[in-house]
Amino acid sequence: MNAATPEAVALAHRALTHLRNKTTDQAASTLTQPIEAYTDPVRFQREVDAVFRRLPLALALSIELPTPRTYRAMTVMDVPLVLIRGDDGRARAFLNACRHRGAALCKDGQGRMDRFVCPYHAWQYDLQGQLTGLYGASTFGEVDARTHSLTELHCEERAGLLWVCLTPGVTFDIDHWLGDFAPHLEGLHLDNWHLHAQRDIPGPGWKVAWEGYLEAYHHNTVHVNTVGKFTIGNLSLHDTFGPHQRIVFGRRSLPELLDQPEDRWQPDVHIRRIHLGFPNLAISGVLGDHCLVSQVFPGPTPDTTVTRQTVLAARAPTTEEELKATEAFSQIVLQAVRDEDYAIGATVQAALRTGANPSFTIGRNEPAVQHFHRMVARYAGSP
Ligand code: FES
Ligand SMILES: [Fe+2]
């Protein structure tokens, strides 16, 4: 829980002003998005290539590689890769493909390893990707180890997250990419949390799924029995940091602040901050000592996604009660996303095929949705 920082107090004031006036942060105007923005396969490919294959993506939490020699292998949008922490403490990313004839070096999952040993013909690599051993070397013939290292993907660790570009050879400056969003991410202290659960959830198309993370307009309707119970619908604060964003919801308890002297405020009990890393990372503190990290990845076509949900607790549970509370949080966010957001999203996806809507109108009260679409256009050159 954040202390009552001046920033938190200022956010609470902004939220209270909206509460009193029945208002919310707004964009200057509504935004019209042609339906092709959601359906056109050519546009989809161009956007995915420009946004997801060229920009840094937060692929894992630092706590997923807690010590040297721990790894996390995953397939992200058809790219098999492995993240591994070296003995020097540095996390690196490699394509999960042997330089002999391409076999995957390990299965998707996580664990600990001292070196990579290919399961096909047992070539060996160290944790920095150098080819160190060739089974039957005297029979194989010449191989230049210097040109047969594992193919590395640019990887940087910042704010408790591992940022990777999926295209080999494409580099980035993570400090430039995060800009003034970095201190906000760092303020979450993600490397101090405890990882409780992680799962992949199928969902509707990339933009349909992601829009649901960007507004509070639907909270009192879609989530009336889950996360909506805790937040005030259609009230949100909106701030942008380059392509990245933060939205803040008011919790139902927000009006209690009206009766308290400001020097007694604990604003973060009454607001909920959601940090949104462009293009697909949402970090959401829903309830007190729990946090949901969501990464939404486009599927192979415009109409599907896979969402990795990671449930964090402020600390490892030490009692049955704490464990139950964390599991209850885990279940409520699973239900809210899978059974509510993505169930509605499936109906949107179905409508996209019917021609019912030539375009969608994004409201003034959905400024983060608007900003997201504008950023896609900026990076992919879409209209
Ligand atoms: S493919 Fe890896 S050793 Fe042959
Ligand atoms: Fe939702």
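Up top is the structure.
Residues numbered from 1 in each chain as written. Chains lettered and ligands numbered in written order. Predicted model: local features only at pLDDT ≥ 70, side-chain atom pairs only at ≥ 80, totals over all residues.

Student: So what's going on with the sheet that holds strand β5 (residues 91-95)? Residues and values would help.
Tutor: The strand order across the open sheet formed by five strands is β6-β3-β4-β5-β10, and the pairing between neighbours is antiparallel. Edge positions in the sheet fall to β6 (109-112) and β10 (152-153), since each of these pairs with one other strand and no more. Sheet topology note: the strand β3 (residues 70-76)/strand β4 (residues 79-85) ladder contains six bridges and is antiparallel. Along β4, the bridge assignment pairs Val-76 with Val-79. (Pairing = 2+ DSSP bridges. Helix = DSSP H or I, 4+ residues; strand = E, 2+ residues; numbered from the N terminus.)

Student: Pulling in residues and values, what's your account of the nonpolar core?
Tutor: Counting 94 residues, the largest nonpolar core has Leu-83, Leu-153, Leu-162 and Val-164 as its most contacted members. Looking at this core element by element, the count peaks at seven residues for helix α9 (residues 320-352). Here this core spans two domains, and each of domain 1 (6-54 + 180-380) and domain 2 (57-171) adds at least three residues to it. With residues up to four places along the chain from it excluded, the contact list for Leu-153 reads Leu-81, Ala-93, Phe-94, Leu-95, Val-164, Cys-165, Leu-166 and Pro-168. (Core = buried A, V, L, I, M, F, W, Y, C linked by C-beta atoms within 7 Å. Buried ≥ 20, exposed ≤ 12 C-beta atoms within 10 Å, placed from the backbone. Domains from an automatic or database assignment. Contact = placed C-beta atoms within 7 Å.)

Student: Help me get a handle on the sheet that holds strand β11 (residues 155-158), residues and values and all.
Tutor: Read from one edge of the open sheet, three strands run β2-β12-β11, paired in antiparallel fashion. The sheet is open, and its two borders are formed by β2 (57-61) and β11, each paired with just one other strand. Each neighbouring strand pair of the sheet contributes to a mean axis angle of 30°, computed without reference to strand direction. As defined by bridge partners, β2 adjoins strand β12 (residues 161-164) across four bridges and the pair is classed as antiparallel. Along β12, the bridge assignment pairs Ala-60 with Leu-162. (Axes fitted to C-alpha atoms, helices over the stretch in contact; angles between N-to-C directions.)

Student: Lay out the pairing of strand β20 (residues 359-362) in plain terms, naming residues and giving numbers.
Tutor: If a strand is regular, its side chains alternate between the two faces of the sheet. In β20, alternate side chains face the same way, and those of Phe-360 and Ile-362 are buried while those of Ser-359 and Thr-361 on the opposite face are not. One ladder, built from four bridges, connects strand β1 (residues 31-34) with β20; its direction is antiparallel. Within the sheet, the bridge partner assigned to Pro-34 lies in β20 and is Ser-359.

Scope: geometric values only; no functional claims are made or implied.
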